[in-house]
Amino acid sequence: FYSASGDLRWQFHPQSRVRGQAIRADGGMALVSAYNEKVTALNRDGKVLWQIRSLCTPHFLPDGERALCYFDDDNRPRVAFDILSLANGSVLYS
C-alpha cells in the first residue's frame, strides 16, 4: 500500500495466491481474497481488522459500510454473492 506521495506504507502477504482485492475510495480499508479461502480486511496502516473464510472477489459498496463478495464458477458457488458488513465481516445478505 502506497501513500499519496508514492512511499510504500505496508505490504500484505497472504498464505496463498491472491484471487481478488479492493481498496475503499478513501484508502481507509483494503480487502484481499486469496485462494486459501480467506478474505482479509486491513486498515490504512495494514493492521488486520478481520478475516473470514470465503473464496470470492470483493467489491466495496458505495455506502462505505458494506462489501459485495462476488462468487464465480471458479469456486462452484451455491449463491451469486454475499453482502458483508465492513465492521466485522459478517454476512448480512446471501
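Residues numbered from 1 in each chain as written. Predicted model: local features only at pLDDT ≥ 70, side-chain atom pairs only at ≥ 80, totals over all residues. Heavy atoms only, no water.

What follows deals with the environment of Phe-1. Along the chain, Phe-1 falls in the segment before β1 (18-23). In sequence terms Phe-1 and Phe-12 are eleven residues apart; their C-alpha atoms lie 8.4 Å from each other. Residue contacts for Phe-1: discarding those within four places in its chain leaves Asp-7, Leu-8, Arg-9, Trp-10, Ile-23, Gly-27 and Arg-44. (Helix = DSSP H or I, 4+ residues; strand = E, 2+ residues; numbered from the N terminus. Contact = heavy atoms within 4.5 Å.)

As a further point, take the packing of aromatic side chains. One pass over the full model with this rule turns up two aromatic pairs. Ring plane angle 5° and centroid distance 5.1 Å describe the contact between Phe-1 and Trp-10, whose orientation is recorded as stacked. Of the residues examined, Phe-1 reaches a relative accessible area of 21% and is grouped as partly exposed. Under the relative-accessibility criterion, Trp-10 is labelled buried at 13%. Aromatic pair Phe-81 and Tyr-93: ring centres 6.1 Å apart, planes at 35°, arrangement tilted. Taken together, the positions of Phe-81 in strand β7 (residues 81-85) and Tyr-93 in strand β8 (residues 91-93) put the pair twelve residues apart, joining distant regions of the chain. (Phe/Tyr/Trp six-rings, centres within 6.5 Å; stacked < 30°, edge-to-face > 60°. Buried < 20%, exposed > 50% of the residue type's maximum accessible area, 1.4 Å probe, protein only.)

Attention shifts here to the sheet that holds strand β2 (residues 29-34). The four strands are arranged β1-β2-β3-β4 in an open sheet whose pairing can be described as antiparallel. With one partner strand each, in any of the chains shown, β1 and β4 (48-53) form the two edges of the open sheet. Between one strand and the next, the sheet's axes are offset by a mean angle of 15°, whatever the strand orientation. Where β1 lies against β2, five bridges are found, and the strand directions are antiparallel. Among the inter-strand pairings, Ala-22 is bridged to a residue of β2, identified as Leu-31. (Pairing = 2+ DSSP bridges. Axes fitted to C-alpha atoms, helices over the stretch in contact; angles between N-to-C directions.)

With that settled, the discussion passes to the side chain of Thr-57. Following the sequence through the fold, Thr-57 ends up in strand β5 (residues 57-60). On the accessibility criterion, Thr-57 (18% relative accessible area) is buried. A polar contact of 2.7 Å, which involves the side chain of Thr-57, links it to the side chain of Arg-19. Contact partners of Thr-57, with chain neighbours within four places excluded, come to Arg-19, Leu-68, Cys-69 and Tyr-70. (Polar contact = N/O pair within 3.5 Å; in protein donor to acceptor, adjacent residues only side chain to side chain.)

Keep in mind that these numbers describe shape and distance, not what the molecule does.
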